[in-house]
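As a plain string of letters, each chain reads:
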Amino acid sequence: MTREAATHGQTRVTVVGEVLVDLLWRAGADLIAPAAGGSPANVAVGLRRLGRPATLVTTWGEDLPGTRIAAHLDASGLDVVRVPGTSGRSTVALAYLDDNGSATYDFLASWDPERLEIPDGTAVLHTGSLAAVLEPGASEVLRLCRQAGASDGCTVVVDLNVRPAVQPDRDAYRAACLRLAAVADVVKASDEDLDWLFPGTAPDAAARLLADHGPRLVVVTLGGEGALAVTAKEEVRVPARKITVVDTVGAGDSFQAALLDAIAAGSGRPAGGPGGADGARGTGHNTLPATAEEIRSVLTRCVVAAAITCTRAGANPPTAAELDAALATALDAPIEG
């Protein structure tokens with residue numbers, strides 16, 4: 001299945017990365033439920049639900065999981081570019097859900113696109129998760145990000161979404177993440193990601209370590225504590241919403257979709273001259289939230305998007321209408337599942 005990647009001016013987000021089948025195994029359950037997903041694919045679906053033009057560039061195999069993946073992407077209505085892979089295999093993830101709905105993962109992984117390109121008119125390139133570290137595809141992702149970052153008008157965004165099961169060597173994983181950070185405008189990670197990459201380092205300090213490698217904005221999700229963001233000039237924190245958690249599957253991806261939507265909309269001030277708004281790399285890239293007020297507004301929207309997803313089973317991101325309705329309530333008001 002390959003669809004034509006239509007151009008939508010300078011508002012399009014292109015998502016590059018894996019799509020896979022999650023085998024969801026809940027604590028105490030006798031049956032395992034298969035569901036197509038994968039962080040990049042979930043982010044692309046989240047963007048579509050928010051009304052943002054999005055293209056997913058990915059690969060999967062001609063196997064049984066691939067059949068479910070193809071059906072899922074067809075039903076999603078996403079604009080999909082399927083790249084040939086070298087192995088013919090699809091990725092399968094075993095997701096263990098504990099009594100609180102939190103997931104841990106193991107993978108039968110394959111990420112081997114032959115050649116990655118982005119559609120004309122792409123304003124924002126997003127990647128991360130397995131695609132950032134799993135070879136041979138990770139090297140191709142890095143090349144694509146470097147190429148896009150060198151072009152005029154394309155912002156590169158990375159969600160580390162650390163999965164040690166695919167690369168248990170901490171030093172190798174950290175090196176791969178830092179290589180991507182060096183060619184990114186924005187990097188997002190969870191506090192758990194950063195704790196694994198930089199043991200014993202506080203989330204804000206770890207975010208600064210990432211920022212030192214080049215990105216103009218680093219965003220960290222803090223689970224039940226909300227989120228923080230750092231730039232060269234600002235550090236901003238926002239609280240989480242009070243919710244009843246069904247599970248956390250896809251929450252980070254919903255957060256990321258809202259973040260990408262804000263970046264593609266051009267919120268914040270212009271990137272400025274050489275080095276961008278805060279003296280980092282790049283010229284001509286999309287505007288990013290820069291002042292504390294701008295960053296707080298974007299983070300709040302992202303946190304609420306993630307909270308809505310946590311009130312429902314599986315990776316089920318909110319629509320723009322649902323997100324706007326939730327934002328209209330008081331900040332500390334609970335979101336009903």
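Further up the page is the structure itself.
My aim in this report is to walk through the structure given alongside it, one point at a time.

Criteria and thresholds
- Residues numbered from 1 in each chain as written.
- Predicted model: local features only at pLDDT ≥ 70, side-chain atom pairs only at ≥ 80, totals over all residues.
- Heavy atoms only, no water.
- Helix = DSSP H or I, 4+ residues; strand = E, 2+ residues; numbered from the N terminus.
- Buried < 20%, exposed > 50% of the residue type's maximum accessible area, 1.4 Å probe, protein only.
- Polar contact = N/O pair within 3.5 Å; in protein donor to acceptor, adjacent residues only side chain to side chain.
- Contact = heavy atoms within 4.5 Å.
- Pairing = 2+ DSSP bridges.
- 1 Å grid on protein atoms, 1.4 Å probe; cavity = no way out; pocket = protein on both sides within 12 Å on 5 of 7 lines; lining within 4 Å.
- Points joined across faces, edges and corners; volume = space filled by probe spheres on them.
- Nonpolar A, V, L, I, M, F, W, Y, C, P; charged D, E, K, R; others polar.

## Considerations on the side chain of Asp159
Part 1: Structurally, Asp159 can be placed in strand 9 (residues 155-159).
Part 2: By relative accessible area, Asp159 is classed as buried at 2%.
Part 3: At 3.3 Å, the side chain of Asp159 and the backbone nitrogen of Asn161 are in polar contact.
Part 4: Within the local environment of Asp159, its side chain forms a polar contact with the side chain of Lys188, the two groups lying 3.2 Å apart.
Part 5: Among all residues touching Asp159, those that are not within four sequence positions of it are Ser39, His126, Thr127, Gly128, Ser129, Lys188, Ala189, Asp253 and Gln256.

## Some points on the pairing of strand 1 (residues 12-16)
Part 1: Here strand 1 lies mainly inside the structure; five of its five residues are buried.
Part 2: Burial of the side chains of strand 1 extends over both faces: Arg12, Thr14 and Val16 are buried on one face and Val13 and Val15 on the other.
Part 3: Relative to strand 8 (residues 122-128), strand 1 runs parallel, the two sharing five bridges. Across the sheet, residue Arg12 finds its bridge partner in strand 8, namely Thr122.

## Quick look at the layout of surface pockets
Part 1: Taken as a whole, the largest pocket spans an internal volume of roughly 1200 Å³.
Part 2: Of all the secondary structure elements, the ones that give two or more residues to the lining of the largest pocket are strand 2 (20-26), helix 1 (39-49), strand 7 (103-108), strand 10 (186-190), helix 5 (191-197), helix 7 (251-264) and helix 8 (292-310).
Part 3: Roughly 220 Å³ of internal volume is contained in the second largest pocket.
Part 4: Contributing to the lining of the second largest pocket are 16 residues, with Ala36, Asn42, Val45, His72 and Ala315 lying nearest its centre.
Part 5: Those elements that place two or more of their residues in the lining of the second largest pocket are strand 2, strand 3 (33-37), helix 1 and helix 2 (64-76).
Part 6: Partitioned by chemical class, the residues of the lining of the second largest pocket number eight nonpolar, five polar and three charged.

## Looking at empty space enclosed by the protein
Part 1: Summed over all chains, the structure comprises two cavities of 30 Å³ or more.
Part 2: Gly46, Leu50, Ser254, Ala257, Ala305, Pro317 and Pro318 together form the lining of the second largest cavity.
Part 3: Among the residues forming the lining of the second largest cavity, the class breakdown is five nonpolar, two polar and no charged.

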